[in-house]
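Working through the structure, step by step
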Amino acid sequence: MRKLTIIGGGFAGLTAAITAAEAGARVTVYEAHGTPGGRARTAEGPYRTNEGPHALYKGGPHWTWLKQRGLLGPLAPLPPAEALRLRFHRDGALRRTPPLGLLRQTLRGAAQAPVDLDFRTWVTGLAGERTAREAAAYSAVALFHHDPGSLSARFVQERLHRAGSLPPEAHYIRGGWGRLIERMVARAWEMGVRIETSSRVDSLPLDEGPVVVATALPAAARLLGDPSLTWDSGRTVLVDLALKTRKGDPFAISDLDAPGWIERFTAQDPSLAPAGQQLVQAQLPIGPGESKADGIAHAERLLDRGFPGWRERTVWLREAVSQGRTGAVDRPGTTWRDRPAIDRGDGVYLVGDQVAAPGVLSEVSFTSAIEAVSLAVRTELLDLKHA
């Protein structure tokens with residue numbers, strides 16, 4: 001492949017850029033913002049927050065790819081003493097151990113779960129209504145959806161199984177995902193990739209070779225003039241706060257009464273906040289009829305339970321709604337294969353976390369980026385062969 005244009009400089013776009021450059025292509029990336037990264041950016045300043053938890057699953061396909069290229073970088077391991085501070089909110093109280101039914105459900109592989117049945121109905125038949133409700137709530141840590149029980153059983157069980165695996169699959173980049181993006185940008189520059197920041201693209205540059213659209217799905221639909229490019233996602237209230245350090249605060253709280261999760265990220269990475277402070281994030285999915293205020297109220301109830309005096313200890317606070325940015329969710333009867341196709345025809349390829357590629361969270365972006373470049377290379381080889 002001689003030339004490739006990429007629109008969007010987030011994790012998917014940079015993955016595609018590096019892969020194409022390694023294949024010998026001249027690559028140009030157009031990024032609308034002043035810096036690359038997309039949703040993988042980490043805030044600058046004393047509080048290094050991400051837009052969501054941004055876990056990197058060790059069993060995922062991008063783990064080996066990043067490690068082979070020296071891009072993985074240092075990780076932020078969770079000290080064993082902190083791991084013991086995981087709490088479960090159940091029946092209005094915090095508990096140290098999860099219900100036995102939930103533990104058993106996390107052990108089931110995704111292959112055992114049906115595609116055509118919703119998760120709630122499937123688990124209720126296996127273990128009862130309460131286990132179904134609690135397992136669905138716990139899965140929100142990897143779903144960010146207000147009603148995981150209504151989704152495809154196969155889809156939810158894969159995420160539940162991986163989120164509950166021991167030893168944990170989920171790992172975090174020291175310093176936030178922005179550090180990973182910085183390493184990927186440096187790698188791209190070394191490979192000769194041209195990255196044009198503050199460059200919003202309003203029409204496809206089809207005269208510049210194959211084009212990879214690596215934007216959020218709504219932006220891709222506008223750019224391609226295709227309103228059918230839609231897929232279900234979640235809507236989540238994020239509450240970031242810095243608290244004065246207090247000994248005994250939990251590492252995380254999983255709400256089993258309703259989907260929601262709070263995590264103290266400085267438990268594993270103290271560099272995310274100044275000394276004497278701890279960075280906490282609450283992730284509360286909200287439904288179509290719920291507001292930001294509903295999510296904040298949910299967060300405050302959990303903080304009241306697990307972080308005594310948090311209001312007086314708060315030195316910094318930020319609240320936001322993440323809408324349509326939590327990756328694809330699959331309804332009963334659908335799988336990742338039913339999502340918008342990567343190959344859009346005429347040398348245009350679509351990548352991101354809501355397209356037809358397997359994996360969990362960022363793995364979908366990665367897998368789709370690799371597939372898009374592979375398709376572009378294959379198509380050009382066929383064209384050359386027939387020329």
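Above this text is the structure in question.
To start, this report covers the structure provided alongside it. Starting from 1, residues in each chain are numbered consecutively following that chain's sequence as written. The model is predicted, so local features are restricted to residues of pLDDT at least 70 and side-chain atom pairs to those at 80 or more, both for listing and for counting; the totals for chains, interfaces and linings are taken over all residues. The basis for every side-chain value is the complete set of heavy atoms in the structure, and neither hydrogens nor water enter the calculation.

Topic: the overall build of the chain
A run of DSSP states H or I qualifies as a helix once it reaches four residues; a run of E qualifies as a strand once it reaches two. Both are numbered from the N-terminal end. A tally of regular secondary structure across the chain gives 12 helices and 15 strands. Each radius of gyration is computed over the set of C-alpha atoms, and the globule rule expresses the reference value as 2.2 Å times the number of residues to the power 0.38. The C-alpha atoms of the chain give 21 Å as radius of gyration, which agrees with the globular expectation for 387 residues (21 Å, within 12%). Principal axes of the C-alpha set define a box for the chain whose edges measure 70 × 50 × 35 Å. Split into buried and exposed, the 387 residues of the chain put 53% on the buried side. Contacts between residues were defined by any pair of non-hydrogen atoms, one from each residue, lying within 4.5 Å. Long-range pairs, those at least 24 residues apart, make up 73% of the contacts in the chain between residues at least 6 apart in sequence. Summed over all atoms, the accessible surface of the chain reaches about 16600 Å², with 53% contributed by carbon and sulfur. The buried label applies to any residue whose accessible area, calculated with a 1.4 Å probe on protein chains only, is under 20% of its type's maximum; exposed applies above 50%, and partly exposed to all values in between. Note on areas: these come from Shrake-Rupley sampling with a 1.4 Å probe, and a residue is covered only by the protein chains present in the view.

Side note on the nonpolar core
By size, the foremost hydrophobic cluster in this structure holds 53 residues, and its most contacted members are Ile6, Val27, Leu66, Leu180, Met184, Val193 and Val212. Examining the composition of this core, we find that eight residues originate from one element, helix H1 (residues 11-22), more than from any other. Among residues more than four places away in sequence, those in contact with Val212 are Leu4, Thr5, Ile6, Ile7, Ala16, Tyr349, Val351 and Ala372. In this structure, Tyr57, Ala132, Ala135 and Ala142 belong to the second largest nonpolar core, which totals 35 residues. In this description, a nonpolar core means a group of buried Ala, Val, Leu, Ile, Met, Phe, Trp, Tyr and Cys residues linked to one another through side-chain atoms lying within 4.5 Å.

Brief notes about the sheet that holds strand S13 (residues 314-323)
In spatial order, the strands read S5-S4-S10-S11-S12-S9-S13; together these seven strands make up an open sheet with mixed pairing. Pairing within the sheet leaves two strands with one partner each, and these edge strands are strand S5 (93-95) and S13. Direction aside, the axes of adjacent strands within the sheet are offset by 20 degrees on average. Axes, fitted as lines to C-alpha atoms, cover a helix only where it is in contact. Angles between the N-to-C directions of the axes lie from 0 to 180 degrees. Along the sheet, helix H6 (residues 129-138) contacts strand S4 (86-90), strand S10 (252-255) and strand S11 (261-264); its crossing angle with S4, the most-contacted strand, is approximately 135 degrees. Strands S4, S5, strand S9 (235-244), S10, S11, strand S12 (277-285) and S13 of the sheet are contacted by helix H10 (residues 292-306), whose axis makes an angle of about 40 degrees with S9. Strand pairing is assigned whenever DSSP detects at least two bridges linking the two strands.

Quick word on the pairing of S11
The side-chain alternation of S11 yields two buried faces, one formed by Trp261 and Glu263 and the other by Ile262 and Arg264. Pairing of S10 with S11, which is carried by three bridges, proceeds in the antiparallel orientation. Following the sheet pairing, Ile253 is matched in S11 by Ile262. Taken together, S10 and the strand that follows it, S11, pair antiparallel across an intervening segment of five residues. The sheet contact formed by S11 and S12 spans four bridges and is antiparallel. Residue pairing for S12: Arg264 is matched across the bridge by Val280.

Overview of the packing of H1 against helix H8 (residues 177-190)
At a closest axis distance of 10 Å, the pairing of H1 and H8 adopts a crossing angle of 25 degrees. The orientation of H1 with respect to H8, classified from their angle, is roughly parallel. Seen from above, H1 lies across H8 with left-handed handedness. Contacts between H1 and H8 involve Phe11, Leu14, Thr15, Ile18 and Glu22 from the first element and Trp177, Leu180, Ile181, Met184, Val185, Arg187 and Ala188 from the second. All residues other than Ala, Val, Leu, Ile, Met, Phe, Trp, Tyr, Cys, Pro, Asp, Glu, Lys and Arg, Gly among them, are scored as polar; the first ten of these are nonpolar and the last four charged. Per-class residue counts for the contact of H1 with H8 are nine nonpolar, one polar and two charged. Between 65 and 115 degrees an angle is taken as roughly perpendicular, under 35 as roughly parallel, over 145 as roughly antiparallel, and anywhere else as oblique. Take the far helix as your reference; a near helix turned counterclockwise from it by less than a right angle gives a left-handed crossing, and one turned clockwise gives a right-handed crossing.

Some points on the side chain of Arg235
In this structure, Arg235 sits in strand S9. No salt bridge is formed by the buried Arg235; the nearest opposite charge belongs to Glu290, separated by 6.4 Å. At a separation of 2.6 Å, a polar atom in the side chain of Arg235 contacts the main-chain carbonyl oxygen of Gly287. In contact with Arg235, not counting residues within four places along its chain, are Phe144, Leu284, Pro285, Ile286, Gly287, Pro288, Glu290, Val321, Ser322 and Gln323. Residues counted as positive are Lys and Arg, residues counted as negative are Asp and Glu, and His and the chain ends are not counted. In what follows, salt bridge is the name for a side-chain nitrogen of Lys or Arg lying within 4 Å of a carboxyl oxygen of Asp or Glu. Two N or O atoms form a polar contact when they lie within 3.5 Å of each other; inside protein one atom must be a possible hydrogen donor and the other a possible acceptor, and for residues adjacent in sequence the pair counts only when both atoms belong to side chains.

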